[in-house]
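One-letter residues, chain by chain:
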Amino acid sequence: MACMQMTTGLAGAVLPVRATRSAKRVVLSNAFTGKVARVGAVRPVRATATKTVTSMAFDSDWLKKDPLVFAMSFLGWTVPSSIPVSAYPGGGSLFGNLCSSIGDEMAHFPTGPALGDQFWYFLLTWHLGLFVVMLFGQIGVQGKKQGMW
């Protein structure tokens, strides 16, 4: 009869190295708590794959770039941002104030704009609006191509 090897586990628990095929019950004892558990032999399980899932693969062209989206997004944001608004200095537009502040900063070129300069406000606001319009444009075009709406 083959000798079953035992190993000492966490907190002195004695565990068999591998499951036996006999109908004999395995006794597990724990030296720390003194408890004894009786467990039947474990049957080996064989699993085979019946299907291969290929539709869940990551699409390498995940961006699905469309040059029309970039061009139309630029126009779709530049035209509305060129409309004068009374909230801006002198009642100008966001795009106009951005262009004039770029010109003002280029007048003293080696020195960059100060941290509290309005140039940063105009720059960040204009670009944030542009990227939002580009995102929604990309979602709309790809949704239409894929038949979402």
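Conventions adopted
Residues numbered from 1 in each chain as written. Predicted model: local features only at pLDDT ≥ 70, side-chain atom pairs only at ≥ 80, totals over all residues. Heavy atoms only, no water. pLDDT = per-residue confidence, 0-100. Helix = DSSP H or I, 4+ residues; strand = E, 2+ residues; numbered from the N terminus. Phe/Tyr/Trp six-rings, centres within 6.5 Å; stacked < 30°, edge-to-face > 60°. Buried < 20%, exposed > 50% of the residue type's maximum accessible area, 1.4 Å probe, protein only. Expected span 1.5 Å × (residues − 1). Arc of directions from axis to C-beta. Contact = heavy atoms within 4.5 Å. Polar contact = N/O pair within 3.5 Å; in protein donor to acceptor, adjacent residues only side chain to side chain.

> What should I look at first to understand the confidence of the model for the chain in this one?
One rule of thumb: low pLDDT means the predicted coordinates there are not for detailed reading. Averaged over every residue, the pLDDT of the chain is 81; residues scoring 70 or more account for 73%. Confidence scores differ between elements of the chain, with strand 1 (residues 6-8) showing the lowest mean pLDDT of 62 and helix 3 (residues 118-145) the highest of 94.

> Help me understand the environment of Gln142 in this model?
With respect to the helices and strands, Gln142 occurs in helix 3. In sequence terms Gln142 and Asp66 are 76 residues apart; their C-alpha atoms lie 9.0 Å from each other.

> Explain the packing of aromatic side chains here, please?
Scanning all chains against the criterion turns up five aromatic pairs. For the pair Tyr88 and Phe122, a centre-to-centre distance of 6.0 Å together with 65° between the ring planes defines the contact as edge-to-face. Separated by 34 residues along the polypeptide, Tyr88 in the loop between helix 1 (67-81) and helix 2 (94-107) and Phe122 in helix 3 bring together distant segments of the chain. Judged on exposure class, the residue Tyr88 and its partner Phe122 are both buried. Judged by centre distance (5.5 Å) and plane angle (55°), the ring pair of Tyr121 and Phe122 falls under tilted. With relative accessibility at 46%, the residue Tyr121 sits in the partly exposed group. Put simply, the rings of Phe74, Phe95 and Trp126 pair up and form one aromatic cluster.

> Help me understand helix 2 in this model?
Each full turn of the α-helix corresponds to 3.6 residues, which orients residues three or four apart in the same direction. Counted at 1.5 Å a residue, the expected span for helix 2 with its 14 residues is 20 Å, and the 20 Å between its end C-alpha atoms agrees. Along helix 2, the residues classified as buried are Leu94, Asn97, Leu98, Ser101 and Glu105. Down the axis of helix 2, the smallest arc covering the buried residues is 100°, so these residues share one side. In this structure, helix 2 carries Met106 and Ala107 as exposed residues pointing more than 90 degrees from its buried face. Taken together, the buried residues of helix 2 touch helix 1 and helix 3. With a side-chain oxygen positioned 2.9 Å from the backbone nitrogen of Gly96, the residue opening helix 2 is Ser93.

> What am I meant to see in helix 1 here?
Between its first and last C-alpha atoms helix 1 spans 21 Å; for 15 residues at 1.5 Å apiece the expected length is 21 Å, and the two agree. Of all the residues in helix 1, the buried ones are Val69, Ser73, Trp77, Thr78 and Ser81. Burial along helix 1 is one-sided: seen end-on, the buried residues are contained in an arc of 145°. With respect to the buried face of helix 1, the exposed residues turned more than 90 degrees away are Pro67, Leu68 and Val79. As for helix 1, its buried residues are in contact with helix 2 and helix 3.

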